[in-house]
Amino acid sequence: MSAAEPRIGDRLLNDCHAWLHYPSPSTNHNIARKTHLPGTAKWFIQGEVFVDWKTTGSLLWLYGKYTLFFDSTVIEDLSHSCVQLGLASMAYFYCDFRDPAKQHLRGLLCSLLIQFCAQSDSYYDVLARLYSKYANDRREPSEDDLVEHLKEMLETPDQGAKFIVLDALDECRDSGISSPREEVLGFLKDLLGAGYSNLRICVTSRPEEDIWSELDPLVSHRVALDRESGQWQDVVEYIRWAVNSDRKMRKWNAEDKELVVNTLSRNANGM
């Protein structure tokens with residue numbers, strides 16, 4: 001096959017996109033990068049916890065009031081330092097209270113499967129088997145089947161480290177007998193309990209009680225963001241940038257703008 005010819009499985013991959021109703025996380029990621037202030041979270045990316053987790057960790061949990069600077073930065077760092085160099089594969093997901101498809105385990109599983117299969121022929125073969133199992137009657141696969149085939153991808157040898165980044169877990173609904181958040185937490189617990197030596201999972205969230213009780217015993221690395229001076233410096237710089245970028249506020253004198261920055265920063269720290 002020449003480089004100009006499409007891969008034979010490209011059409012099947014497109015079919016799987018439609019079949020699985022794949023909720024693309026790239027929309028959220030692009031918004032996060034558009035509002036990202038260069039330099040924010042640099043203290044974390046270059047810090048010992050993150051560097052150590054990339055090579056030896058299992059679950060990295062970043063929790064606090066504000067996590068908006070982090071997952072997009074983590075994703076970008078992993079993409080440039082590992083994935084693009086062929087040293088690892090990665091899939092990510094943004095939980096989103098505004099989008100029901102991004103609040104449930106099914107949406108997460110479908111998104112992870114689609115992203116991983118695009119990075120390796122071995123992963124692609126796993127998704128092709130799942131598709132062929134349901135191809136005749138076009139039924140949707142069960143969540144158990146989705147988990148089983150994702151695990152097949154994670155068990156594939158010689159693929160390097162496998163990263164999963166999950167943003168804003170607290171934005172999954174926590175109401176109902178078996179809430180979407182409870183199902184996602186159970187899935188994470190299942191993956192981590194399976195003992196995949198090359199699996200690295202990064203989760204960001206507020207420290208809600210139910211999330212804390214499930215993740216606390218599982219973490220290999222953690223950062224309490226509200227206790228980090230670098231995090232609050234990022235918040236202050238972000239507020240200052242927002243004030244100076246606003247069409248009306250940037251016309252104010254320097255003293256008034258700094259007063260707004262200081263007031264908002266104090267309020268943010270006290271929320």
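This text follows the structure it describes.
Residues numbered from 1 in each chain as written. Predicted model: local features only at pLDDT ≥ 70, side-chain atom pairs only at ≥ 80, totals over all residues. Heavy atoms only, no water.

**Re the sheet that holds strand β3 (residues 161–167)**
Right, on to step 1. In space, the five strands of this open sheet follow the order β2-β3-β4-β1-β5, with parallel pairing throughout. In the strand order of this sheet, the two ends are held by β2 (88–94) and β5 (221–224), each with one partner. Adjacent strand axes in the sheet meet at a mean angle of 10°, parallel and antiparallel pairs treated alike.
Right, on to step 2. By the bridge criterion, five bridges tie strand β1 (residues 59–63) to strand β4 (residues 199–205) in an arrangement that is parallel. For leucine 62, the partnering residue across the bridge sits in β4 and is threonine 204. (Pairing = 2+ DSSP bridges. Helix = DSSP H or I, 4+ residues; strand = E, 2+ residues; numbered from the N terminus. Axes fitted to C-alpha atoms, helices over the stretch in contact; angles between N-to-C directions.)

**Topic: the pattern of salt bridges**
Right, on to step 1. Taken as a whole, this structure holds 11 salt bridges when the rule is applied.
Right, on to step 2. A salt bridge links aspartate 96 to arginine 98, with the nearest nitrogen and oxygen atoms 2.9 Å apart.
Right, on to step 3. Its relative accessible area of 7% is what places aspartate 96 among the buried residues.
Right, on to step 4. Among the salt bridges present, the one from glutamate 140 reaches arginine 106, with a minimum N-O distance of 4.0 Å. Of this pair, glutamate 140 sits in the loop between α7 (121–134) and α8 (143–155) while arginine 106 is found in helix α6 (residues 105–117), placing the two residues 34 residues apart along the sequence.
Right, on to step 5. Residue classification places glutamate 140 among the partly exposed residues on the basis of a relative accessible area of 41%. (Salt bridge = Lys/Arg side-chain N within 4 Å of Asp/Glu carboxyl O. Buried < 20%, exposed > 50% of the residue type's maximum accessible area, 1.4 Å probe, protein only.)

**Description of the side chain of aspartate 77**
Right, on to step 1. By the secondary structure assignment, aspartate 77 is in helix α5 (residues 71–83).
Right, on to step 2. Overall, the relative accessible area of 19% leaves aspartate 77 in the buried class.
Right, on to step 3. Setting aside residues no more than four positions away along its own chain, aspartate 77 makes contact with Ile45, Phe50, Lys54 and Cys82. (Contact = heavy atoms within 4.5 Å.)

**A closer look at the state of the cysteines**
Right, on to step 1. As enumerated under the stated definition, the model contains zero disulfides in all.
Right, on to step 2. Between cysteine 82, a cysteine without a disulfide, and cysteine 202, which holds the nearest cysteine sulfur, the sulfur-to-sulfur distance is 13 Å.
Right, on to step 3. Owing to a relative accessible area of 12%, cysteine 82 belongs among the buried residues under this scheme. (Disulfide = S-S within 2.5 Å.)

**With respect to α5**
Right, on to step 1. Taking 1.5 Å of rise per residue, 13 residues should cover 18 Å, yet α5 covers just 16 Å from first to last C-alpha, more than 12% shy of that figure.
Right, on to step 2. Taken as a whole, α5 has its buried residues at Asp71, Ser72, Thr73, Val74, Ile75, Asp77, Leu78, Ser79 and Cys82.
Right, on to step 3. Of the surrounding secondary structure, the elements contacted by the buried residues of α5 are α2 (26–34), α3 (42–45), α4 (48–56), β2, β3 and β4. (Expected span 1.5 Å × (residues − 1).)

**A few points about the side chain of glutamine 115**
Right, on to step 1. Looking at the secondary structure, you find glutamine 115 in helix α6.
Right, on to step 2. On the accessibility criterion, glutamine 115 (10% relative accessible area) is buried.
Right, on to step 3. In contact with glutamine 115, other than residues within four places in its own chain, are Tyr22, Pro25, Ala91 and Tyr92.

**Quick notes on the pairing of β4**
Right, on to step 1. Among the seven residues of β4, seven are classified as buried, and the element is accordingly described as predominantly covered.
Right, on to step 2. Both faces of β4 are covered, namely the face carrying Leu199, Ile201, Val203 and Ser205 and the face carrying Arg200, Cys202 and Thr204.
Right, on to step 3. Bridge count for β3 against β4 is five bridges, and the pairing is parallel. Looking at β4, one finds that lysine 162 is bridged to leucine 199.
Right, on to step 4. Crossover β3 to β4 through helix α9 (residues 180–193) is right-handed. (Right-handed = clockwise from strand over helix to strand, strands pointing away.)

**Comments concerning a positive patch on the surface**
Right, on to step 1. Together, Arg247, Lys248, Arg250 and Lys251 make up a region of like positive charge exposed at the surface.
Right, on to step 2. Mapping lysine 248 onto the fold places it in the loop between α11 (229–245) and α12 (254–270). (Patch = residues over 30% accessible without salt bridge, like charges linked within 9 Å, V, L, I, M, F, W, Y side chains within 5 Å. Areas by Shrake-Rupley, 256 points an atom, 1.4 Å probe, with all protein chains shown as cover. Lys, Arg positive; Asp, Glu negative; His and termini not counted. Charge placed at Lys NZ, Arg CZ, Asp CG, Glu CD.)

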